[in-house]
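Remarks on the overall topology
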Amino acid sequence: MNPFKYLIMIPFGWVLRQLYALVGNYGLALILFSLLVKVLLLPMSIKSKRSMMKINRLSPMMNALKKKYGDDQQRYNQALVELYKQENVSPTGGCLWSFLPILIMIPLYYVIRSPLTYIMGLQEDQVTDLINVLAQNGVSIDTSLYYYQITAASYIHQFYDAIRAVVPDIIDMNFSFLGIDLSATPKFMFWNDSISWASIGAFLIPLVSGASQFGMSMLSQKLNNSVATNDKGEKDASAAATANQSMKMMLYFMPLFSVYIGFTMSASISIYWIAQAVFSAGQELLLHQIFRKSYDEEDAAKRLRVLEQEAEEAEKARLRAERRAAGLTDGTENTSKKKLQKQLKQDQQRELQEKFGTQEEKPEQTDELKGFSGDPERPYSRGRAYKPERYSGRKGDN
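Reading the values: rules and limits
- Residues numbered from 1 in each chain as written.
- Predicted model: local features only at pLDDT ≥ 70, side-chain atom pairs only at ≥ 80, totals over all residues.
- Heavy atoms only, no water.
- Phe/Tyr/Trp six-rings, centres within 6.5 Å; stacked < 30°, edge-to-face > 60°.
- Helix = DSSP H or I, 4+ residues; strand = E, 2+ residues; numbered from the N terminus.
- Axes fitted to C-alpha atoms, helices over the stretch in contact; angles between N-to-C directions.
- Parallel < 35°, antiparallel > 145°, perpendicular 65-115°, else oblique.
- Contact = heavy atoms within 4.5 Å.
- Nonpolar A, V, L, I, M, F, W, Y, C, P; charged D, E, K, R; others polar.

Enumeration over the complete set of coordinates arrives at 13 aromatic pairs. Ring geometry for F12 against F33: centres 5.3 Å apart, planes inclined by 75°, an arrangement best described as edge-to-face. Here F33 lies in helix α2 (residues 26-40) and F12 lies in helix α1 (residues 3-23), a separation of 21 residues in the sequence. Ring geometry for F188 and F203: centres 5.9 Å apart, planes at 65°, overall edge-to-face. In this pair, F188 sits in the loop between β2 (180-181) and α12 (197-225) while F203 sits in helix α12, placing the two residues 15 residues apart along the sequence.

Here it is, written out as structure tokens:
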């Protein structure tokens, strides 16, 4: 017993059968199936989008760490891990979730390859009876071939009455979509056969699949890079370029892989892949608009803080200019801290005298009153004014 078959492939086939019964078109059924998969995977897609945007958001910080540690890759990696932990970001979260559509495509491939078993639900003996009916009508099916079921299924519409007489539960499934046989495998050198819209259209489907994948990847990269801003809330072009380099492989790998799949499997797979790319692009735009709001607020707060700091510095510069024009000492022009404190004290005394009037001058302090320290209130403190010869000199005189 194969659990993979009963848990995934048979349910996939049942869903495709219901969708085909709903719309009566195999291509539309595949598109609706792709949309259904996109809806079911929406929670994982949200996690992937958040993770990718956070990673791109951290790109300026990652660049700063790279400049800080230079060629010390070990310390850079350690600092990068700490940054991810601090920001609660998984560096592989975005990539892993993006591979889910491919993982779903694998069982879908088996369903499409064997429609008699999974979509129509025929047993082995019924498949054998169907093959025999086709043989009686001049159609020879080699059951040793990998795609023999989809080849046999493509003749059901042509010999439906004869097949139904032997297999009553058979479905009259038509694999034609926009004049293209989706059960056939597109040929790269289509001109070797008779040139028709069916052969040209089948040739174009893998190319459209690759182009749609490339366009979706470019859109996703552009949207994610737009949130990479510096500490001033402005877009960081260097950080965006670094992020582009790290995603460059995925940008070209997925489109090329989809083209390869398109020319090695039935055209049905490419239809599913095209629909996935189109729905993914719409999903990217929607989720980006939702999550971007919080980042825009953060950037606006950064820009406001920078403007406030610039205004504060401009005000300080204006005050310094006024002080210089008035002939007052500017604390920034080679003035020591001690001199500034002395000047401040003098200014305060001057203000008190102007407010309360001039007090009687105290008698001049003698050395005896001033003490050894030079401070009349702390005559015996050994501060900066302390000189050892004062003690020896005074005792020597006595």
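Moving on: the packing of α2 against helix α3 (residues 42-57). It is at 5 Å that the axes of α2 and α3 come closest, and there the two elements cross at 60°. In terms of their interaxial angle, α2 and α3 are classed as oblique. The residues of α3 that touch α2, namely those facing K38, V39 and L40, are L42, P43 and M44. Its residues assigned to classes, the contact of α2 with α3 shows five nonpolar, no polar and one charged.

Here the focus is the packing of α3 against helix α4 (residues 59-69). Relative orientation of the contacting elements α3 and α4 amounts to 45°, with a least axis distance of 5 Å. The pairing of α3 with α4 is recorded here as oblique in orientation. Counting all contacts with α3, which are made through I55, N56 and R57, the residues of α4 involved are S59, P60 and M62. Each residue belonging to the contact of α3 with α4 can be placed in one class, and the counts come to three nonpolar, two polar and one charged.

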